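Each chain is listed here by its residues.
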Amino acid sequence: MLTLGIETSCDETAAAVLRDDTVLSSIVSSQIDIHKKYGGVVPELASREHLKNLLPIVREALAAAATSIDKIDLVAVTYTPGLIGALLVGVSAAKAIAYARGIPLIGVHHGEGHILAAHIEYPGIGYPYLALLVSGGHTALYHVKDLGEYRLLGQTRDDAAGEAYDKVAKLLDLEYPGGPVIDRLASEGNPEAVKFPRGPREGFDFSFSGLKTAVRNHITLFKNKDRGIEPALQVKDVAASFQAAVVDTLVEKTLLAAKETGVKHVVVAGGVAANSLLRKRMGEETNRRGMTLYLPGMGLCIDNAAMIALAGYLHFQRGERSGLDLNPRASMPL
Ligand code: KG4
Ligand code: ZN
């Protein structure tokens, strides 16, 4: 069975082809260079770029999978959450393909796609597991009991982890998206240079806005008083200290959830799962406790359509499908 996956929820236009649960092709076209000069994603520009790029990207994915549109059996598309105009482009294209070809259509929740990305690399992964979903739009911890059964244990009360990276990068006059830049700078800085707050200690909820404010205050302080510290060194230290605070919180909450639920398997998903310190620390801590960590490769952490195709395929196998009245939704809980 061949599934075509389509993803246009934010600033990546992506298409992928799967044979059953095996990825035959996965093409991602990033709009980062277009949005960079504005310091973040401009929704209207994103929609226009998706409109321009989606069909060429679908054709490229079909060609890379050595197949054609008339061989596709199922179309899976991200329909929530995301920028409404951006989602509309993918959903409209998917509906048109399904209608024209008379094949089934299935709408996929972007967050579920991120979580299930782990199944592409680890097909044998068994339920239950804990899923830490950390991206530009999400920061949540789920107890995943089965496909489609996501019990929310905790989530951010304000900014998502990726959003905090992007905002702190802006404060430090660094490029968008902030995650990869801060990650790189942090590796050269001292994580103990500044003691930033770790957010709520109790329960499984996260909060990153206090941390962001602490970084802003620190920068203001630094800019006001010339303490004679070399600026380049200072930025690296702030980046490293900020990253240490984010990663400490993410790791600590995940371990606490493992302790309380008794679940020994952990999946880390979403764009922030590409973070080198998070990967390292989560690996060490889970290993020490005899737990198993499932970390998708970098290409599967950032937005892609292979994860959307897989989620659609797995749900379709259970007899689920969407109607041609599928509409995009800006937000929706998993
Ligand atoms: O999953 P994703 O590609 O898009 C959303 O669904 O939001 O995640 C993008 C987010 C951005 O906020 C970006 O700064 C962050 O992931 N990110 C990282 C890293 N690479 C990307 N954050 C920390 N460290 C990284 N290496
Ligand atoms: Zn995403």
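Preceding this section is the structure that the text describes.
To start, this report covers the structure provided alongside it.

1. Looking at the overall build of the chain
For step 1, the next point in the chain: Secondary structure summary: the chain contains eleven helices and ten strands in total.
For step 2, the next point in the chain: Since a compact globule built from 334 residues should have a radius of gyration of about 20 Å, the 20 Å found for the chain is in line with a globular shape.
For step 3, the next point in the chain: Its C-alpha atoms give the chain principal-axis dimensions of about 70 × 45 × 30 Å.
For step 4, the next point in the chain: Per-residue burial for the chain yields a buried fraction of 54% across its 334 residues.
For step 5, the next point in the chain: Intrachain contacts of the chain at a sequence separation of at least 6 include 73% that bridge at least 24 residues.
For step 6, the next point in the chain: Per element, the accessible surface of the chain, about 14,300 Å² overall, is 52% carbon and sulfur.
For step 7, the next point in the chain: Treating the 35 positive side-chain charges of the chain as one cloud and the 37 negative ones as another, the clouds have centres 3 Å apart.

2. Quick word on the packing of aromatic side chains
For step 1, the next point in the chain: What the rule picks out here adds up to five aromatic pairs.
For step 2, the next point in the chain: A ring pair is formed by tyrosine 142 and tyrosine 150, whose centres lie 6.4 Å apart and whose planes are at 80°; its orientation type is edge-to-face.
For step 3, the next point in the chain: The exposure class assigned to tyrosine 150 is buried, which follows from its relative accessible area of 12%.
For step 4, the next point in the chain: Summarising the aromatic geometry, the rings of phenylalanine 206 and phenylalanine 208 are spaced 6.3 Å apart at their centres and angled 10° between planes, so their arrangement reads as stacked.
For step 5, the next point in the chain: Relative accessible area serves as the criterion here: at 0%, phenylalanine 206 is assigned to the buried category.
For step 6, the next point in the chain: Given a relative accessible area of 1%, phenylalanine 208 falls into the buried group.

3. Examining helix α11 (residues 306-317)
For step 1, the next point in the chain: With twelve residues, α11 extends 16 Å from end C-alpha to end C-alpha; this agrees with the ideal 16 Å at 1.5 Å per step.
For step 2, the next point in the chain: A large share of α11 lies buried, amounting to ten of its twelve residues.
For step 3, the next point in the chain: Within α11 the residues assigned to the buried category are Ala306, Met307, Ile308, Ala309, Leu310, Ala311, Gly312, Tyr313, His315 and Phe316.
For step 4, the next point in the chain: Immediately beyond the C-terminal end of α11, within one or two residues, lies glycine 319, with a positive phi of roughly 90°.

Reading the values: the criteria
- Residues numbered from 1 in each chain as written.
- Chains lettered and ligands numbered in written order.
- Predicted model: local features only at pLDDT ≥ 70, side-chain atom pairs only at ≥ 80, totals over all residues.
- Heavy atoms only, no water.
- Helix = DSSP H or I, 4+ residues; strand = E, 2+ residues; numbered from the N terminus.
- Rg over C-alpha atoms; globule rule 2.2 N^0.38 Å.
- Buried < 20%, exposed > 50% of the residue type's maximum accessible area, 1.4 Å probe, protein only.
- Contact = heavy atoms within 4.5 Å.
- Areas by Shrake-Rupley, 256 points an atom, 1.4 Å probe, with all protein chains shown as cover.
- Lys, Arg positive; Asp, Glu negative; His and termini not counted.
- Charge placed at Lys NZ, Arg CZ, Asp CG, Glu CD.
- Phe/Tyr/Trp six-rings, centres within 6.5 Å; stacked < 30°, edge-to-face > 60°.
- Expected span 1.5 Å × (residues − 1).

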